Every structure is written in structure tokens, then in C-alpha cells.
Amino acid sequence: MGYLSVLLEQCLQWDKQATLFINGSDNVFWDEVIYVATSTGIWIPMGCVMLWVLGKNLSLRQFGFAVLFLSLAVLVSDQLSSAVFKPYFQRWRPTQDPLIMHVVDVVHAYRGGSYGFFSAHASNTFSVAVFLSLLFRRRLLGLLVVSWAVINSYTRIYLGVHYLGDVLVGTLFGLLIGSSMYGLYRKYILQGGVMQWKSSLYPHTMAIAILFSYCMVFIVALLTMGA
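Read on for a plain summary of the structure. (Residues numbered from 1 in each chain as written. Predicted model: local features only at pLDDT ≥ 70, side-chain atom pairs only at ≥ 80, totals over all residues. Heavy atoms only, no water.)

A word on the packing of aromatic side chains
What the rule picks out here adds up to 19 aromatic pairs. A centroid spacing of 5.9 Å and a plane angle of 90° characterise the contact between Trp43 and Tyr214, whose relative ring orientation is edge-to-face. Of this pair, Trp43 sits in the loop between helix H2 (28-37) and helix H3 (44-57) while Tyr214 is found in helix H8 (residues 201-226), placing the two residues 171 residues apart along the sequence. Since its relative accessible area comes to 7%, Trp43 is described here as buried. Relative accessible area serves as the criterion here: at 17%, Tyr214 is assigned to the buried category. (Phe/Tyr/Trp six-rings, centres within 6.5 Å; stacked < 30°, edge-to-face > 60°. Helix = DSSP H or I, 4+ residues; strand = E, 2+ residues; numbered from the N terminus. Buried < 20%, exposed > 50% of the residue type's maximum accessible area, 1.4 Å probe, protein only.)

Some points on the nonpolar core
In this structure, Leu54, Phe131, Leu132, Phe136 and Tyr185 are the most contacted members of the largest nonpolar core, which totals 41 residues. Those elements that place two or more of their residues in this core are H2, H3, helix H4 (60-89), helix H5 (120-136), helix H6 (139-158), helix H7 (164-188) and H8. When neighbours within four sequence positions are excluded, Leu54 is seen to be in contact with Phe63, Leu70, Leu132, Leu135, Phe136 and Met195. Judged by nonpolar contacts, the second largest core, of 5 residues, contains Ile34, Val107, Tyr158 and Val161. (Core = buried A, V, L, I, M, F, W, Y, C linked by side-chain atoms within 4.5 Å. Contact = heavy atoms within 4.5 Å.)

Focus: the packing of H6 against H8
At a minimum axis separation of 9 Å, H6 and H8 run at an interaxial angle of 25°. By the criterion of interaxial angle, the relationship of H6 to H8 is roughly parallel. Once H6 is placed against H8, the crossing between them reads as left-handed. Every residue of H8 that contacts H6 at Leu141, Leu144, Val145, Ser147, Trp148 and Ile151 is listed here: Pro203, Met206, Ala207, Ile210, Leu211 and Tyr214. For the contact of H6 with H8, the residue count by class is 11 nonpolar, 1 polar and no charged. (Axes fitted to C-alpha atoms, helices over the stretch in contact; angles between N-to-C directions. Parallel < 35°, antiparallel > 145°, perpendicular 65-115°, else oblique. Left-handed = near helix turned anticlockwise from the far one by under 90°. Nonpolar A, V, L, I, M, F, W, Y, C, P; charged D, E, K, R; others polar.)

Shown next as C-alpha cells:
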């Protein structure tokens with residue numbers, strides 16, 4: 001037990017060092033980009049395109065259950081983080097940790113709630129990304145969807161509201177929840193089959209929507225700085 005305690009303490013110290021290394025920068029524009037990227041609102045248009053693409057390539061029943069399973073993935077992920085892990089472990093966010101909060105770079109005074117283990121942002125976005133990647137079955141599109149989850153997770157460390165460990169554990173839970181939900185969806189709704197694209201237009205449209213959203217992050221950041 002003594003060895004495990006020492007090992008755990010060493011891992012926590014590495015986690016803090018890695019987090020402080022990733023956290024913040026001296027670039028005001030990049031601060032704004034990250035602050036915009038971490039918000040949910042900037043990704044709503046991309047989500048609408050995703051729903052449109054699903055609706056065009058699935059039957060009404062399949063589409064309804066796809067939305068249901070995606071919603072369940074986010075609900076399970078979010079509640080597991082917010083209602084179970086955070087109150088149980090009570091691990092301070094870096095921005096709230098009395099030991100390091102004064103050396104953490106903060107953007108727009110954003111510090112988040114008290115506890116941060118594990119990151120709901122990471123688990124939620126990765127649960128959605130994994131579900132969609134498995135559903136889409138297009139390598140490039142899958143990589144783009146996963147990149148969205150990676151960016152969202154990175155913003156949490158940059159802003160100092162999560163330790164790297166919080167995000168890694170959140171990512172793991174997101175992978176497990178997203179793949180499990182897709183497995184159930186494929187077994188019971190797709191009857192073991194896969195989604196059939198009606199036209200190559202649709203995966204290309206989804207990819208463009210993701211790239212356009214990335215561009216919008218930078219545009220909004222520039223406009224915010226100029227306001």
C-alpha cells in the first residue's frame with residue numbers, strides 16, 4: 001500500500017506539471033480562439049448539419065433512435081462525471097486548487113466549478129465522436145469528427161479548468177460509452193448492418209461543415225478581439 005501511495009502521489013505531481021506546461025500562453029489571440037472553441041454555441045451549426053446528414057441517410061426510425069442513442073451517450077457520460085465522480089473524488093480544478101491556482105493562466109476570469117475529475121467535456125465529446133465515427137465508417141470523416149473531440153478536450157487544459165489526467169480519464173469513458181451505445185444501436189436498430197450513404201455528397205458535406213466550424217472559431221475570435 002505504501003508503494004502504491006507513493007506511485008499515486010508521483011503520478012499526481014506529473015499530472016500537475018504536464019497541465020501547467022499545456023495551460024495558457026502569452027498569445028492573446030490564441031487565448032480568444034481557445035475560449036471560443038470551448039463554448040457549446042460555436043458548434044451548433046455543425047450539429048445541425050450532422051442531424052441533416054443522418055436524416056438523409058437513415059430511415060425515420062433509424063434516425064430517431066440514432067438521436068436517442070446519441071442523447072443517452074451524452075446523458076450517461078455527463079451524469080457519470082457530474083453526479084458521481086466529481087462529488088465522490090472532489091478533486092479541485094487547477095483554477096480552484098489552492099496549491100497552484102495562482103500560477104494557472106486564466107482567460108476572461110473563467111475558472112469553472114469546484115471539482116474537475118473527470119472532464120465531462122472530454123467524455124461527452126468523445127462519446128459523440130466515437131458513435132458518429134463508427135456510424136459514418138469513412139476514415140477521413142471519422143478523423144475529422146475525432147479531431148473535434150480532441151480540440152474540445154485540449155481547450156479544457158489550456159484554460160486551466162481541468163488537469164491532463166481529468167481529460168484522459170474523461171476520454172477513456174467517452175470511448176467506452178460511445179462505442180457501447182453504437183454497439184447497441186447497430187445490434188438492435190441496424191440489425192447488425194451499417195449505415196448506407198445515399199450519395200458521396202453527404203460525407204463531403206459533413207466534412208465541410210466541420211472545417212467551416214473550425215474557420216468560424218477563428219473568425220469569431222477575431223471579431224471578439226476587435227469589439
